[in-house]
Amino acid sequence: MQKVSLYFENGTYLEAKSFGAEGSSVGEIVFNTSLTGYQEIVTDPSYAGQFVTFTMPEIGNVGCNAQDMESRGAYCKGIIVRSYQARPSNFRCEETLESLLKKHGILGITEIDTRFLTKMLRAEGAMMMIASTEVHDRDELKQMLADAPRIEEVNYIEQVSTKESYVHKEARYSTETFKYEEPQTSRKIIALDFGIKRNILNELTHAGMEVEVVPNSMEAEPIIEKFTAKEIDGVFLSNGPGDPLILKEEQAKIKKLIAAKVPLFGICLGHQLLSIAHGYDTYKLKFGHHGGNHPVKNNMNGMVEITAQNHNYNVPDSIVEVAEVTHKNLFDNTIEGLKYNDSPSMSVQHHPEASPGPHESAYIFTEFKNML
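The present account deals with the structure reproduced in this document. All figures in this text were calculated on a predicted structure; none of them were measured in a lab.

Moving on, we get to the side chain of Thr-133. For Thr-133, the location among the structural elements is in the loop between strand S9 (127-132) and helix H4 (138-147). Among all residues touching Thr-133, those that are not within four sequence positions of it are Gln-2, Lys-3, Val-4, Ser-18, Ala-21, Glu-22, Gly-23 and Leu-107.

Another aspect to go through is the pairing of strand S13 (residues 187-193). Of all seven residues in S13, five are buried; the element is thus mostly enclosed. In the sheet, S13 pairs with strand S14 (residues 209-215) via seven bridges, with the strands oriented parallel. Paired with Leu-192 across the two strands is Val-214, which belongs to S14. In this structure, S13 lies alongside strand S15 (residues 234-237), joined through four bridges in parallel fashion. Bridging from a neighbouring strand, Leu-192 pairs with Leu-237 of S15.

Glancing now at the pattern of salt bridges. All told, the structure shown has 14 salt bridges when counted by the stated rule. The shortest N-O distance in the salt bridge between Glu-231 and Lys-226 comes to 3.8 Å.

Moving on, we get to the side chain of Asp-243. Positionally, Asp-243 belongs in the loop between S15 and helix H8 (248-259). Engagement of the side chain of Asp-243 in a polar contact is seen with the backbone nitrogen of Leu-245, the distance being 2.9 Å.

Backbone-to-backbone hydrogen bonds join strands into a sheet, with any given pair of strands oriented parallel or antiparallel. Read from one edge of the open sheet, ten strands run S10-S14-S13-S15-S16-S21-S20-S19-S17-S18, paired in mixed fashion. Sheet topology places strand S10 (166-167) and strand S18 (304-314) at the edges, where each strand pairs with a single neighbour. Sheet analysis places strand S17 (residues 283-298) next to strand S19 (residues 323-329), joined by three bridges and oriented antiparallel. For Lys-297, the partnering residue across the bridge sits in S19 and is Lys-328. Helix-sheet contacts for H8 involve S13, S15 and strand S16 (264-267), and the interaxial angle to S16 is about 145°.

Before going further, it helps to examine a nonpolar patch on the surface. On the surface, a cluster of nonpolar side chains totalling about 220 Å² of accessible area is made up of Val-304, Ile-306 and Leu-330. Mapped onto the elements, Ile-306 comes out in strand S18. Overall, Ile-306 belongs to the partly exposed group, its relative accessible area being 30%.

Here S16 shows a buried face lined by Leu-264 and Gly-266 and a second buried face lined by Phe-265 and Ile-267. Alignment of S15 against S16, held across three bridges, turns out to be parallel. Its bridge partner being in S16, Phe-236 is matched across the sheet by Phe-265. Between the parallel pair S15 and S16, the chain is carried across by H8, and the sense of this crossover is right-handed. Pairing between S16 and strand S21 (residues 345-348): four bridges, direction parallel. Across the sheet, Leu-264 pairs through a bridge with Ser-345, a residue of S21.

Close contact between helix H7 (residues 220-228) and H8 brings their axes to 9 Å; oriented N to C, the two are set at 25°. By the criterion of interaxial angle, the relationship of H7 to H8 is roughly parallel. Helix-helix and strand crossings are classified by hand; for H7 and H8 the assignment is right-handed. Together, Ala-220, Glu-221, Ile-223 and Ile-224 of H7 and Lys-253, Lys-256 and Leu-257 of H8 make up the contact between the two elements. Of the residues assigned to the contact of H7 with H8, the class counts are four nonpolar, no polar and three charged.

Taken together, seven strands build a closed barrel; the order of strands is S1-S2-S8-S6-S4-S3-S9 and the barrel is mixed. Ignoring strand direction, the axes of neighbouring strands in this sheet form an average angle of 35°.

Here we take up the environment of Val-322. Position of Val-322 relative to the elements: it lies in the loop between S18 and S19. Judged by relative accessible area, which is 25%, Val-322 ranks as partly exposed. Residues Val-322 and Leu-338, 16 residues apart in the sequence, show an inter-C-alpha distance of 9.6 Å. Residues in contact with Val-322, not counting those within four places in the same chain, are Tyr-280, Tyr-340 and Asn-341.

Let us now look at the nonpolar core. Among the nonpolar cores identified, the biggest contains 30 residues, and Leu-192, Ile-223, Val-235, Ile-254, Leu-257, Leu-264 and Leu-338 are the most heavily contacted of them. Elements represented by at least two residues in this core include exactly S13, H7, S15, H8, helix H9 (269-277), S19 and strand S20 (335-340). Here this core takes four residues from H9, the largest share from any one element. In this view, Leu-192 contacts Val-214, Pro-215, Met-218, Ile-223, Val-235, Phe-236, Leu-237, Ser-238, Lys-253 and Leu-257; residues no more than four positions away in its chain are not counted.

Cut-offs applied
Residues numbered from 1 in each chain as written. Predicted model: local features only at pLDDT ≥ 70, side-chain atom pairs only at ≥ 80, totals over all residues. Heavy atoms only, no water. Helix = DSSP H or I, 4+ residues; strand = E, 2+ residues; numbered from the N terminus. Contact = heavy atoms within 4.5 Å. Buried < 20%, exposed > 50% of the residue type's maximum accessible area, 1.4 Å probe, protein only. Pairing = 2+ DSSP bridges. Salt bridge = Lys/Arg side-chain N within 4 Å of Asp/Glu carboxyl O. Polar contact = N/O pair within 3.5 Å; in protein donor to acceptor, adjacent residues only side chain to side chain. Axes fitted to C-alpha atoms, helices over the stretch in contact; angles between N-to-C directions. Patch = residues over 30% accessible without salt bridge, like charges linked within 9 Å, V, L, I, M, F, W, Y side chains within 5 Å. Areas by Shrake-Rupley, 256 points an atom, 1.4 Å probe, with all protein chains shown as cover. Right-handed = clockwise from strand over helix to strand, strands pointing away. Parallel < 35°, antiparallel > 145°, perpendicular 65-115°, else oblique. Left-handed = near helix turned anticlockwise from the far one by under 90°. Nonpolar A, V, L, I, M, F, W, Y, C, P; charged D, E, K, R; others polar. Core = buried A, V, L, I, M, F, W, Y, C linked by side-chain atoms within 4.5 Å.

See the structure below:
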């Protein structure tokens, strides 16, 4: 392991050890409270532009494998862990976490006080930082960070979205066969890819929907034509990275789909873009929600679900003027789910595909199919 230097926009300078790719990287730092599933987190495109601090101290224990990839690559700027385990032990392990990070050019940072970092973010909020295995001068790092664009200034969707359309061919993963199931579908939808997770696609197909994944650049008109011709039954708006307010083309596209009465279902970024398209701008949370242990109340039946979360932005409370709130976060009472009054549209802020778990919200995919 070699030395890596970290500089944060609040002036904090720290030194640690590197176990991933070499070089310098600038991004926004957040913390994730999940106890398992580090590979799914690292390969989730929604983390593009961010450093992920794991509050779970031991990371790397079970290695990595091709089946647990949530996308074709890894897009976060880096990961920060208290203790990296370089000798994984698991019968599904195909490579180490270090190998995965180096393959995709991601910094790995260890031997650092992640409790201190988490408390700093909790007190001061998510912030920009730079990490480097090449530059160790504090003033030089400060200048490099000042010269770099902020996360809200970069359209990361253009980097993570698919370039060509394709039909997803897998359903849920079976822990009995250790394979993905074959889809059995009766409806067809288009998924607009803003950085879609593999397990979201698996859950959509498991619920009985054939899914054609299309680039974020696809215009609204051909989608509406397919819907009018009954070639598709609806559209899914995926998760993805960055600030939804800068995505003007996506907002305009969704407005057209709403006007055409196309059934819509959004998760995370898709949820936020639906809100903006209805005229209700999102706002940024202090340090966001990132983890697999967040309680959410289902207002439809009064049950509490433990959910997976990964977002820094939220829809405003004023959206109750045009939508019914179906889910509420019990940590801070923010909105987690909506059904719109005058259009066949529904959305959730949390991740019902839960990869990694928990799986208590998976029924939402069936609700979308029933809405179709």
